[in-house]
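Structural overview for review
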Amino acid sequence: SRIDFIDEILNSQSKMINDLVNNNISIIHKPYNQRILKLFNNHFKKIKHNNSQLYSLLNINQKGLTNNLLNTAKILLWDQIGSGTVEAFANNIPSIIYWKRIYSKEAAWSEKEINQLQNCGILHDNTDSLIFEIKKYINDPEKWLIDNNKVKAIKSFCISYAKYDINWYNKWKEKIIKLSNEY
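Report on the accompanying structure. (Residues numbered from 1 in each chain as written. Predicted model: local features only at pLDDT ≥ 70, side-chain atom pairs only at ≥ 80, totals over all residues. Heavy atoms only, no water.)

Attention shifts here to the nonpolar core. Core analysis: the largest hydrophobic core is formed by 40 residues, its most contacted members being L20, F89, I97, L117 and I122. Mapped by element, the contributors of at least two residues to this core are α1 (6-22), α3 (41-50), β3 (76-78), α5 (83-90), β4 (95-98), α6 (111-119), α7 (127-139) and α9 (148-161). The biggest single contributor to this core is α1, with six residues. Dropping the residues within four chain positions of it, I97 is found in contact with L77, W78, Q80, I81, T85, F89, I122, L123 and H124. (Core = buried A, V, L, I, M, F, W, Y, C linked by side-chain atoms within 4.5 Å. Buried < 20%, exposed > 50% of the residue type's maximum accessible area, 1.4 Å probe, protein only. Helix = DSSP H or I, 4+ residues; strand = E, 2+ residues; numbered from the N terminus. Contact = heavy atoms within 4.5 Å.)

All chains considered together, the criterion is met by six aromatic pairs. Taking 6.2 Å as the distance between ring centres and 35° as the angle between the ring planes, the aromatic pair formed by W109 and Y161 counts as tilted. Residue W109 is found in the loop between β4 and α6, and its partner Y161 is found in helix α9; the two are separated by 52 residues along the sequence. With a relative accessible area of 30%, Y161 lands in the partly exposed category. Between the aromatic rings of F157 and Y161, the centroid separation amounts to 5.0 Å while the plane-to-plane angle is 45°, which identifies the pairing as tilted. With F157 and Y161 both in helix α9, this residue pair falls four residues apart, about one helical turn. You can call F157 buried: its relative accessible area is 4%. (Phe/Tyr/Trp six-rings, centres within 6.5 Å; stacked < 30°, edge-to-face > 60°.)

With that out of the way, let us pick up the side chain of T85. By secondary structure assignment, the location of T85 is in helix α5. Overall, the relative accessible area of 0% leaves T85 in the buried class. Setting aside anything within four residues of it in sequence, one finds T85 in contact with W78, Q80 and I97.

If you want it as structure tokens, here you go:
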């Protein structure tokens, strides 16, 4: 992200973590990468110090999801809609998004699907609604996962942005052959 957003991003992250911990919600924090930990070392030390009981910072040098993380975390919390979120949605991994739209925002043509995610409690732009929804999940994960509005919103989003087919290789191959024959 651009340097002029860094303070707002870090402050937003600190506030969210503090608010979650103050509501007795534990966090396993997987930073984007090791460079981020080094660049913002004081930020992460402060968060860890302030929230030592319910907050743990992973020190791994791997992007993406790991089996250990998926087996340990009850629900994944994303800071925006990205490839990890899409992967989690497509694989029915419990996920929730806290997206302040500080350095990115949805395109106008995606507003319908984004609004559906927000209206059903998957996407949040404030910690009050985020905490409320996480507590709903913790109280009854199965009920939360099968909520009709959530299922429809995620399905609609996946149809538009995460559609996949087990037979993708052959479909791509056919398309490439067709395109090469046209030229």
